[in-house]
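# Structural characterization, general
Listed below, chain by chain, are the residues.
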Amino acid sequence: MTLEFHLNGRRHAVRDVPPNVTALDYIREHLRLTGAKEGCAEGDCGACTVVLAAGPEGGRTFRAVNACLLTLPHLNGADVLTVEGLADGDGLDPVQAAMADGDGTQCGYCTPGFVMALYALRRGPEEIGGEIDPETVHDALAGNLCRCTGYRPIVDAAVKACGEKASEEAGPGGGSAHAPARATDRYEAGGQAFLSPTGLDEMAEALADNPDAYILAGGTDLGLLAAKERQKLPVVIHTGRVAELLEIRDEPDHLEFGAAVTYTDALPLIGRDYPSFATLIKRIGSRQIRNMGTIGGNIGNASPIGDTPPCLIALDAVLSLHSRDGPRRMPIEDFFLDYRKTDLRPGEFIRSVRIPKPKAGEAFRTYKISKRYDQDISSVIGAYRIAVADGAVRDARIAYGGMAATPKRARACEAAITGSAWREDALMEAARAVDEDFEPLSDHRASAAYRSMVARNLFARLWRDISGADEPLDVALIR
Ligand SMILES: Cc1cc2nc3c(=O)[nH]c(=O)nc-3n(C[C@H](O)[C@H](O)[C@H](O)COP(=O)(O)OP(=O)(O)OC[C@H]3O[C@@H](n4cnc5c(N)ncnc54)[C@H](O)[C@@H]3O)c2cc1C
Ligand code: FES
Ligand code: FES
């Protein structure tokens, strides 16, 4: 039983390596390519960044990912680029040359990761051929940490190298497309099995036959079991090749995202219809994490501080679940039962999430409160869908994360706000009802008192944001 992939343009066939070995360990320890480094083994530092190339010649995508979180079979059929594949003899890739010429490296530990993140930026369809603005560079490098150089020379190198259009030929390993490696439906080694179904029914059968299997999507949560805890994963069912789970639908009245759609692929449509939601998604982890992580994984993980569930609840999103017994639908708000406990039945998985499109007269906003802007988990997430007419709130759907054991609707708050005048003072008065909805916990991220205060005071931000007010606050924030 073999697993095939291309690395720097060369085909590799793997046998007898357990599927819980990370892609990073395989690349470093088995292939002896030690450019990609292990810094944190949890997706935070970017030292392990490699690039996945996909698609036909002329339309290739190049995406930076954290090899520490990918398991080896995530590379099933993939086209992987590491820093060793960029230079052509003595001819450095423009990113490497810019980093070297601009003193963007000192000890060099982080450098291959930065180079690969910038290589993906330079080859990325959304960026090439234009001015690289500081926001784009920031976004591309938010997942890479350097302890010695300081970021200015690295950012300068990014602007220098990525401001020009990369040609399809550039880079020996990654430039042109070659016949894709053959992906396998099943890989087994060391008493562990990795199943990679390609259709919905096949996935349902696999799960029915292996009810205790781990469902694996991008692996940005689950991958930690392999990367950090070195756990054996007896049976894993990967969603990444299931055609139905990769579908994106743009219908007249809703968007629908298959559970295995990555954040990166979901962003264009979400950004078009719900810019505030897209701003939040761009703060999930880093570009590497968003290239791997999925909305389905964020829902399936059922964390009380997952960023998308409060938004999906406020937007009245509907989940499609699937099993061998057939489909089942439910409002997403009913899915989260208790701390990390969901309504998924044995043998069932998330197929897709359907998000209604914005209606006239409604506004949607979401705010993430965390200690850092980038690469940080939320202390509180507030999501608000408000309809205002004739100077009053006609309808309100409000949900929070970080305030309870599950992402949850703020029903008392919704009732208090509905019908109130659309004025800052009236809204802040109604916001006091947040205290009836939640009794948050204190933990290392935030105290209960802080969480409650923030959840109430986000209404000031909401009002000012929607009404466009920029004069000083004329209401007292609620302490
Ligand atoms: C460095 C870093 C930063 C992060 N930052 C954030 C952040 O800012 N905000 C945030 O919300 N999260 C964050 N995360 C967590 C993670 O990226 C998200 O939860 C992501 O959406 C998980 O998606 P995935 O595809 O990687 O899921 P996986 O890790 O593959 O799976 C996650 C869980 O969902 C289940 N699952 C996956 N697909 C299905 C399905 N189709 N049906 C049923 N169950 C399924 C899995 O069994 C598993 O329990 C971060 C993670 C890392 C490592
Ligand atoms: S080793 Fe730090 S992100 Fe992978
Ligand atoms: S150059 Fe030393 S960590 Fe970045």
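An account of the accompanying structure is given in this report.

Conventions and cut-offs
- Residues numbered from 1 in each chain as written.
- Chains lettered and ligands numbered in written order.
- Predicted model: local features only at pLDDT ≥ 70, side-chain atom pairs only at ≥ 80, totals over all residues.
- Heavy atoms only, no water.
- Axes fitted to C-alpha atoms, helices over the stretch in contact; angles between N-to-C directions.
- Helix = DSSP H or I, 4+ residues; strand = E, 2+ residues; numbered from the N terminus.
- Parallel < 35°, antiparallel > 145°, perpendicular 65-115°, else oblique.
- Left-handed = near helix turned anticlockwise from the far one by under 90°.
- Contact = heavy atoms within 4.5 Å.
- Nonpolar A, V, L, I, M, F, W, Y, C, P; charged D, E, K, R; others polar.
- Core = buried A, V, L, I, M, F, W, Y, C linked by side-chain atoms within 4.5 Å.
- Buried < 20%, exposed > 50% of the residue type's maximum accessible area, 1.4 Å probe, protein only.
- Domains from an automatic or database assignment.
- Pairing = 2+ DSSP bridges.
- Near = heavy atom within 4 Å.
- Polar contact = N/O pair within 3.5 Å; in protein donor to acceptor, adjacent residues only side chain to side chain.
- Phe/Tyr/Trp six-rings, centres within 6.5 Å; stacked < 30°, edge-to-face > 60°.

Moving on, we come to the packing of helix α2 (residues 94-101) against helix α5 (residues 152-162). At their nearest, the axes of α2 and α5 sit 8 Å apart, and the two run at 140° to each other. The angle between α2 and α5 places the two elements in the oblique class. For the pair α2 and α5, the crossing hand works out as right-handed. Counting all contacts with α2, which are made through Pro94, Val95, Ala98, Met99 and Asp101, the residues of α5 involved are Ile154, Ala157, Lys160 and Ala161. Tallied by class, residues from the contact of α2 with α5 come to seven nonpolar, no polar and two charged.

Moving on to the nonpolar core. Of all hydrophobic cores here, the largest spans 37 residues; its most connected members are Phe257, Phe277, Ile299, Leu312, Leu319, Ile332 and Phe335. Taken together, domain 2 (197-358) and domain 3 (368-479) each give at least three residues to this core, which thus spans both. The next biggest cluster of nonpolar side chains, apart from the first, holds 33 residues, and it includes Leu24, Leu69, Leu70 and Leu72.

Moving on, we get to the sheet that holds strand β19 (residues 392-401). Reading across the sheet, the four strands line up as β17-β18-β19-β20 and stay open at both edges, with antiparallel pairing between neighbours. The outermost strands of the open sheet, each flanked by one partner alone, are β17 (362-369) and β20 (408-409). When strand β18 (residues 380-389) meets β19, the two strands line up antiparallel, connected through nine bridges. Of the residues in β19, the one forming a bridge with Ile381 is Gly401. Together, β17, β18 and β19 form the strand contacts of helix α16 (residues 448-467), whose direction differs from that of β17 by roughly 140°.

Okay, the site of ligand 1 next. Taken together, 33 residues surround ligand 1, and among them Ile215, Thr220, Asp221, Tyr263 and Thr294 come closest. Residue Leu222 places a main-chain N or O atom 2.7 Å away from an oxygen atom belonging to ligand 1. With respect to ligand 1, the backbone of Asn301 contributes an N or O atom lying 3.3 Å from an oxygen atom. Among the elements of the structure, β8 (214-216), α11 (295-301) and β16 (349-356) are those that each provide at least two residues to the shell around ligand 1. Examining the composition of the shell around ligand 1, we find that four residues originate from one element, α11, more than from any other. Residues belonging to the shell around ligand 1 are distributed by class as follows: 13 nonpolar, 13 polar and seven charged.

A few words now on the packing of aromatic side chains. For the structure on display, the rule yields 11 aromatic pairs. Between Phe5 and Tyr26, the ring centres sit 6.2 Å apart and the planes meet at 80°, which makes this aromatic pair edge-to-face. With a gap of 21 residues between them, Phe5 in strand β1 (residues 3-7) and Tyr26 in helix α1 (residues 23-30) connect regions that are remote in the sequence. Taking the relative accessible area as the measure of exposure, Phe5 reaches 0% and is therefore buried. Geometrically, the ring pair formed by Tyr384 and Phe459 is edge-to-face, given 5.2 Å between the ring centres and 75° between the ring planes. Here Phe459 lies in helix α16 and Tyr384 lies in strand β18, a separation of 75 residues in the sequence. As far as the burial class goes, Tyr384 and Phe459 line up, both buried. Here the aromatic residues Tyr367, Tyr384, Tyr400, Phe438 and Phe459 are joined through ring pairs into a cluster of three or more.

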